[in-house]
Amino acid sequence: MRRRYKGKSFLVRLQKIRAKKIERNLRKRRKSNGKSGKNGWHYSLSQIRKNFPDYCHVWAPSCMSLVENETKVLDFLAKLKQCLDKKRKVLVHLERVIQMTTDAIVVLLSSMVRFKSMHIDFNGTHPMDKCVRDVLIQSGFFKYLFNQYKDEENYEFNEKNSKIYTHGSKAVASSLADRLIESASKSLWGEPRRCQGAQKTLVELMHNTFDHASLQKGEKHWWLSVEHNKKDKCATFSFIDFGMGIYNSLENKATNDPLQKAWNTLKSLNPFAKSQVELIKLILEGELHRSQSGDYYRGKGLAKIYELCKGNKISSLCIISNRAYINVEKKDYHTIKNEFQGTFISFKINDNTISLPWQI
C-alpha cells in the first residue's frame, strides 16, 4: 500500500511540474506575440479596454505630424474636441505611432491641459516604437499626465537635460521668446546668438493670439514647443492656439473695426480669390495692409512673418488655419479636408539663418 501511495504522489508532483512548465511557456508566447503578433495585440487591447471601460478611445495616426500629415492629425484633433465639448473622458492610443514631430508634442500637451483644467480625465498609452516613446518621455508627457491642472495664465513643461521645451500662456511674453532663442542658438552654434527673425515671429504670433484668437482679447492660450536637433543643426518652433483661426477671425470682426473694412476691400478687389488659401496668400503678400492704408508696406502680422522667411531670418514656414494649408518652402498651398478651429504655425532656425552676436 505504501509503495502504491508513493507512486501516486510522485505522479501528482510530476503532473504539477508539467502544468507549471506549460503555463510558463504560454506566458512566454503571450509576451512574444505582444511584441510582434496580432494575438498579443488583441490581448493587450482587451486589457486596455478593461482598465478604461468608460473612456472614449481615440487613436492617434501612425504619422503624428501636422506639417506632413495634416488630414489625419486634424481628424484626430476633431475627435478630441468632440470629447472635450461633450465632457467625455479620453484615452489616447499611441501604440501605432511610428513618427512624431515637435508639433505633435505641443498638440498632446495642450490637449491634456485643456481636458484636465476642466476636470475631465485624459490618459494615453505608450507607443510601441522606441524612438517615439523616447521623444514623448523627453517632452515630459507621461510625467505630467498624472498631474492635475487649473485654468491658469501660464504653463511650463520642461524636463531636465531635455531638448524639448513647451510653454503655454495668454500673455505676450517677449522675455520668454528671448530665453528660448538664446537656448536654441547655443545648441546650434555653441554660443548664444540673436536671431531677430525668430524673436519677431514669436512675439507677433503671441500678439495675434492675444488680439484676434477670440472676440475677447487675451481669452485664449497660445502653446509653443521648441525642439533642438544637433544632428540636423536646426531648432523647430511649433506654435498653436485653439481660437477662431485667421479666416474666421477676420470674418467676425466688428463692422467698425478697421481690419473688417480692409478685409472687405481685399475681397472686393480680388473677386477671383474664392478660397481661404488664396485670401490668406494675399495677406502674406501684404495686400491686407495695402487695402487698409494704400501703402505696400509689409510691417505687421502674417506679412511681416512672411518677409522674415523670404529674408532668410527664419525658414520652413508652415501655416494651418481653418481650411488653409500653406507650406512656403515647398510652395504647397491647398485647401484642407478637415477644418481646424485655430491657428498652427511652424518654422525653423538653422546654421544658415541670419543671426548676430548675443551681446554687441
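Everything that follows concerns the structure shown earlier in this document.
Notes on the structure follow. No experiment lies behind these values; they were computed from the predicted model shown.

1. Here we look at the overall build of the chain
Here is step 1: Along its length, the chain carries 13 helices and 13 strands.
Here is step 2: In the chain, the share of contacts with a sequence separation of at least 24, taken over all contacts with a separation of at least 6, comes to 64%.

2. Focus on the packing of aromatic side chains
Two aromatic rings are characterised by how far apart their centres lie and by the angle between their planes.
Here is step 1: Counted according to the given criterion, the structure contains 12 aromatic pairs.
Here is step 2: Both rings, one in Phe237 and one in Phe347, keep their centres 4.9 Å apart while their planes meet at 5°; by these two values the pair is stacked. Pair noted here: Phe237 is in strand E10 (residues 234-241) and Phe347 is in strand E12 (residues 332-350), with a separation of 110 residues, a long-range link. Both residues of the pair, Phe237 and Phe347, belong to the buried class.
Here is step 3: Centroid distance Phe242 to Phe340: 6.1 Å. Interplanar angle 80°. Geometry classified as edge-to-face. Linking Phe242 in the loop between E10 and helix H9 (246-251) with Phe340 in strand E12, this pair joins segments that are 98 residues apart in sequence.
Here is step 4: Overall, the relative accessible area of 5% leaves Phe340 in the buried class.
Here is step 5: Clustering of aromatic rings is evident, with ring pairs tying together Tyr144, Tyr149, Tyr155, Phe157 and Trp223.
Here is step 6: Above the face of the Phe242 ring, Arg114 is positioned so that its terminal group lies 4.1 Å from the ring centre.

3. Looking at the packing of helix H7 (residues 174-189) against helix H8 (residues 196-212)
Here is step 1: Where H7 contacts H8, the axes come no closer than 9 Å and their chain directions differ by 145°. Seen from above, H7 lies across H8 with right-handed handedness. Contact residues: H7 offers Ser174, Ala177, Asp178 and Ile181, while H8 offers Ala198, Gln199, Leu202, Val203 and Met206.
Here is step 2: Partitioning the contact of H7 with H8 into residue classes produces 6 nonpolar, 2 polar and 1 charged.

4. Topic: the sheet that holds E12
Here is step 1: Sheet architecture is open: 6 strands sit in the order E6-E7-E9-E10-E12-E11, paired in antiparallel fashion. The sheet is open, and its two borders are formed by strand E6 (154-158) and strand E11 (315-327), each paired with just one other strand. Strand-to-strand twist of the sheet, defined as the mean angle between neighbouring strand axes without regard to direction, takes the value 15°.
Here is step 2: As paired elements, E6 and strand E7 (residues 164-169) share 5 bridges and run antiparallel to each other. Its bridge partner lying in E7, Glu156 is registered against His167.
Here is step 3: The strands touched by H7 are E6, E7, strand E9 (222-229), E10 and E12; relative to E9, the strand with the most contacts, the crossing angle is about 15°.
Here is step 4: Helix-sheet contacts for helix H13 (residues 301-310) involve E11 and E12, and the interaxial angle to E11 is about 150°.

5. Here we look at the pairing of E7
Here is step 1: Most of E7 sits inside the fold, with 6 of its 6 residues counted as buried.
Here is step 2: By the alternation rule, side chains of E7 split into Ile164, Thr166 and Gly168 and Tyr165, His167 and Ser169, which are all buried.
Here is step 3: The pairing of E7 with E9 spans 6 bridges and is classified as antiparallel. Looking at E9, one finds that Tyr165 is bridged to Val226.

6. A short note on the pairing of E12
Here is step 1: Relative to E12, E10 runs antiparallel, the two sharing 8 bridges. Directly across from Thr236, in E12, lies its bridge partner Lys348.
Here is step 2: Summarising the sheet, E11 and E12 pair through 10 bridges and their orientation is antiparallel. The residue bridging Asn327 from the neighbouring strand is Asp332, located in E12.
Here is step 3: Linking two consecutive strands that pair antiparallel, namely E11 and E12, is a turn of 4 residues; a positive phi of about 55° is found at Lys331 within it.

Calculation notes
- Residues numbered from 1 in each chain as written.
- Predicted model: local features only at pLDDT ≥ 70, side-chain atom pairs only at ≥ 80, totals over all residues.
- Heavy atoms only, no water.
- Helix = DSSP H or I, 4+ residues; strand = E, 2+ residues; numbered from the N terminus.
- Contact = heavy atoms within 4.5 Å.
- Phe/Tyr/Trp six-rings, centres within 6.5 Å; stacked < 30°, edge-to-face > 60°.
- Buried < 20%, exposed > 50% of the residue type's maximum accessible area, 1.4 Å probe, protein only.
- Lys NZ or Arg CZ within 6 Å of the ring centre and 35° of its normal.
- Axes fitted to C-alpha atoms, helices over the stretch in contact; angles between N-to-C directions.
- Left-handed = near helix turned anticlockwise from the far one by under 90°.
- Nonpolar A, V, L, I, M, F, W, Y, C, P; charged D, E, K, R; others polar.
- Pairing = 2+ DSSP bridges.

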